[in-house]
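Below, each chain spelled out in residue letters.
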Amino acid sequence: MGEEKTVAIKKIQASGQMRKIMSDYFYALNRASEEGHPKVAWCTSVGPAELLLSLGFVVYYPENHGAMLGSTRTANTYIPAASAIGYSPDICSYLTSDIGAYIKKETPLSRAYEGVCSVPKPDVLVFNTNQCRDVQDWFNWYSRELKVPVLGLSTCRGIGKIRADHLRSIVDQIEDMIPPLEKISGQAFDIDRLRSVVALSKECTELWKRVLETNMSSPAPMSFFDAIIQMGPAVVLRGSQAAVDYYKVLLKELEDRAVQKDGAVEGERFRLYWDGMPIWGKLRDLAEFFISLRTAVVVSTYCNSWIFDGFDPADPLMSMARAYTEIFIVRDENTKERSIEQMADKYEVDGILFHDAKTCPNNSNNRYGMPERLTQRLGIPTLVINGDLNDLRCYSEEQAKTNIEAFIEQLEA
Ligand code: SF4
């Protein structure tokens, strides 16, 4: 290649404020866990977090903990402990690393936040199968282990057109959850309180969308590898004023950068779409690698999955059902393909990279011919790299980088 040189990752100034609100969040969870009040709910990333927040729970997200295990490169220490009790290394490595860490009584939260000794103890576990079945098995394990009630939403998957009966079924299930959750939280359900939380989630999601859209500029002010860190508040603090305030600050910084043509990648030559999960243990490494290739990863399925256009405080329950169902992972192959096509067009990408994550077929969209079809229709090349979200045994760095370099050479040609 000859072009490769090391370039430092540019700092996003707002990040200091993000670290502060994330730290406040984890200390609040820890206090609630120690004092027994407010009650702690564990929830899957998409929800129904809004319902739980409206009932006064503080909400903890095991998937976020899984991502921490990945990014701190400790996941592989823990996966064998889950395998030893019968959980296959081929299933979700968030699940196996998280359960393994629990068995070994360790958490990266202790290293990040002084005085936090463990993940917060749950009073209830609430999952939504809209993303996969693994979350149900994951939460059921904790329910048996900790003797804590588990509740769940079962969502149809592989949906093309969203029908009224899909949404009605989810609304019914959410309504069924309310009485047991009221009992656990000690607070009565209040539709106006739910409206306020949904309004905050909507504001957060709209700001997050605008943050991502700053990357329609060329050069793009933020890379995919920045964005997956910056999405932390959209995942764990959705429904709070803190997340809304944070994204206003971040948006201003990125809009200024876009105007000043201050790109995340100096001398941006190529723009890529990243489909699939991040490889959490290799974020910095890959960020630097793409900078050295003067290639910006400007848009991704993953970061866009936290845009919930459906939220509407005027009709909170139905709009939650719509928001949780509209997202990419729930949809059929044609809808997913059209979504990637539109994004590739909107962000003017030169190529699409698919990450085939060994332990997450749900987020690996390359397995049924989609890259080939998109290449044909869009006239741009696609590349598949093999890896995993957390299990680095599935990722060959040398092979991935050789393939990416060859892909960039193809773009040059
Ligand atoms: S969608 Fe994939 S990464 Fe997320 S919980 Fe399910 S299997 Fe794990």
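Structure: above.
## Thoughts on the overall build of the chain
Moving on, step 1. Tallying secondary structure elements over the chain gives 18 helices and eight strands in all.
Moving on, step 2. Over its C-alpha trace the chain gives a radius of gyration of 21 Å, about what one expects of a compact globule, namely 22 Å for 413 residues.
Moving on, step 3. The dimensions of the chain, computed from C-alpha atoms along their principal axes, are 65 × 45 × 40 Å.
Moving on, step 4. Here the chain holds 413 residues, and 47% of them are scored as buried.
Moving on, step 5. Long-range contacts, defined as pairs at least 24 residues apart, comprise 76% of the intrachain contacts of the chain with a sequence gap of at least 6.

## Some words on the sheet that holds strand β5 (residues 270-275)
Moving on, step 1. Here we have four strands laid out as an open sheet, ordered β6-β5-β7-β8, and parallel in their pairing. Bordering the open sheet on either side are β6 (295-300) and β8 (382-387), each of which pairs with just one other strand. Averaged over all adjacent pairs, the angle separating strand axes in this sheet is 30°, with direction ignored.
Moving on, step 2. Across six bridges, strand β7 (residues 351-357) lies against β8 in parallel orientation. In the sheet register, His355 faces β8, and the bridge partner there is Ile385.
Moving on, step 3. Helix-sheet contacts for helix α16 (residues 333-346) involve β5, β6 and β7, and the interaxial angle to β5 is about 160°.

## As for the packing of helix α9 (residues 191-213) against helix α12 (residues 241-259)
Moving on, step 1. Running from N to C, α9 and α12 point in directions that differ by 20°, and their axes come no closer than 9 Å. In terms of orientation, α9 lies roughly parallel with respect to α12. Between α9 and α12 the crossing geometry is left-handed. Of the residues in α12, those in contact with Leu200, Glu203, Cys204, Leu207, Trp208, Arg210 and Val211 of α9 are Gln241, Ala243, Val244, Tyr247, Lys248, Leu250, Leu251 and Leu254.

## Observations regarding unusual backbone geometry
Moving on, step 1. The omega angle of the peptide bond from His37 to Pro38 is -10°, so this bond is cis rather than trans.
Moving on, step 2. Its location among the elements puts Pro38 in the loop between α1 (15-35) and β1 (40-43).
Moving on, step 3. Each neighbour pair has its own omega, and for Ser218 with Pro219 the value is 5°, a cis peptide bond.
Moving on, step 4. Turning to its location among the elements, Pro219 is positioned in the loop between α9 and α10 (224-230).

## Structural notes on the packing of helix α3 (residues 62-71) against helix α5 (residues 93-103)
When two helices pack together, their arrangement is captured by the angle between the axes and the distance separating the axes.
Moving on, step 1. For the pair α3 and α5, interaxial distance at closest approach is 9 Å and the crossing angle is 85°. When the interaxial angle is binned, α3 and α5 end up roughly perpendicular. Taken together, the residues of α5 that come into contact with α3 (itself represented by Pro62, Glu63, His65, Gly66 and Leu69) are Tyr94, Ser97, Asp98 and Ala101.
Moving on, step 2. Considered class by class, the residues forming the contact of α3 with α5 number four nonpolar, three polar and two charged.

## With respect to the site of the ligand
Moving on, step 1. Close to the ligand lie Glu63, Cys92, Tyr94, Gln131, Cys132, Asp134, Val135, Cys360, Asn362, Asn363 and Leu389, which account for all nearby residues.
Moving on, step 2. Of the residues contributing to the shell around the ligand, the split by class is six nonpolar, three polar and two charged.

## Section: the environment of Ser339
Moving on, step 1. Among the structural elements, Ser339 can be located in helix α16.
Moving on, step 2. Looking at Ser339, the number of C-beta atoms within 10 Å reads 16, which means it is partly exposed.
Moving on, step 3. Note: C-alpha distance between Ser339 and Phe328 (eleven residues apart in sequence) is 7.9 Å.

## Remarks on the sheet that holds strand β2 (residues 58-60)
Pairing between the strands of a sheet comes from backbone hydrogen bonds, and it takes one of two forms, parallel or antiparallel.
Moving on, step 1. The sheet built from four strands is open, its strands ordered β2-β1-β3-β4 with parallel pairing. Edge positions in the open sheet fall to β2 and β4 (150-153), since each of these has one partner strand only. Taken over all neighbouring pairs, the strand axes of this sheet differ in orientation by 25° on average, direction set aside.
Moving on, step 2. As paired strands, strand β3 (residues 124-128) and β4 are joined by four bridges and run parallel to one another. Its bridge partner being in β4, Asn128 is matched across the sheet by Leu153.
Moving on, step 3. Its contacts with the sheet place α1 against β1 and β2, and it is angled at close to 110° to β2.

## Regarding the pairing of β1
Moving on, step 1. The side-chain alternation of β1 yields two buried faces, one formed by Val40 and Trp42 and the other by Ala41 and Cys43.
Moving on, step 2. With three bridges connecting them, β1 and β2 associate as parallel partners. Within β2, the position partnered with Trp42 by the bridge is Tyr60.
Moving on, step 3. Direction of pairing for β1 relative to β3: parallel, over a ladder of three bridges. By the bridge assignment for β3, Cys43 is matched with Val126.

## Re the environment of Glu255
Moving on, step 1. Examined against the element boundaries, Glu255 turns out to sit in helix α12.
Moving on, step 2. Overall, Glu255 belongs to the partly exposed group, with 16 C-beta atoms counted inside 10 Å.
Moving on, step 3. Residues Glu255 and Arg210, spaced 45 residues apart in sequence, show a C-alpha to C-alpha distance of 9.4 Å.

## Describing the pairing of β5
Moving on, step 1. With five of its six residues buried, β5 lies for the most part within the structure.
Moving on, step 2. Bridge analysis of β5 against β6 gives five bridges, and the strand direction is parallel. From the neighbouring strand, Tyr273 faces β6, where its bridge partner is Val299.
Moving on, step 3. Chirality of the crossover, the property in question, places the unit of β5, helix α13 (residues 283-292) and β6 among those that are right-handed.
Moving on, step 4. By the bridge criterion, four bridges tie β5 to β7 in an arrangement that is parallel. Counterpart to Trp274 in the pairing with β7 is Leu353.

Calculation rules
Residues numbered from 1 in each chain as written. Predicted model: local features only at pLDDT ≥ 70, side-chain atom pairs only at ≥ 80, totals over all residues. Helix = DSSP H or I, 4+ residues; strand = E, 2+ residues; numbered from the N terminus. Rg over C-alpha atoms; globule rule 2.2 N^0.38 Å. Buried ≥ 20, exposed ≤ 12 C-beta atoms within 10 Å, placed from the backbone. Contact = placed C-beta atoms within 7 Å. Pairing = 2+ DSSP bridges. Axes fitted to C-alpha atoms, helices over the stretch in contact; angles between N-to-C directions. Parallel < 35°, antiparallel > 145°, perpendicular 65-115°, else oblique. Left-handed = near helix turned anticlockwise from the far one by under 90°. Nonpolar A, V, L, I, M, F, W, Y, C, P; charged D, E, K, R; others polar. Near = placed C-beta within 6 Å. Right-handed = clockwise from strand over helix to strand, strands pointing away.

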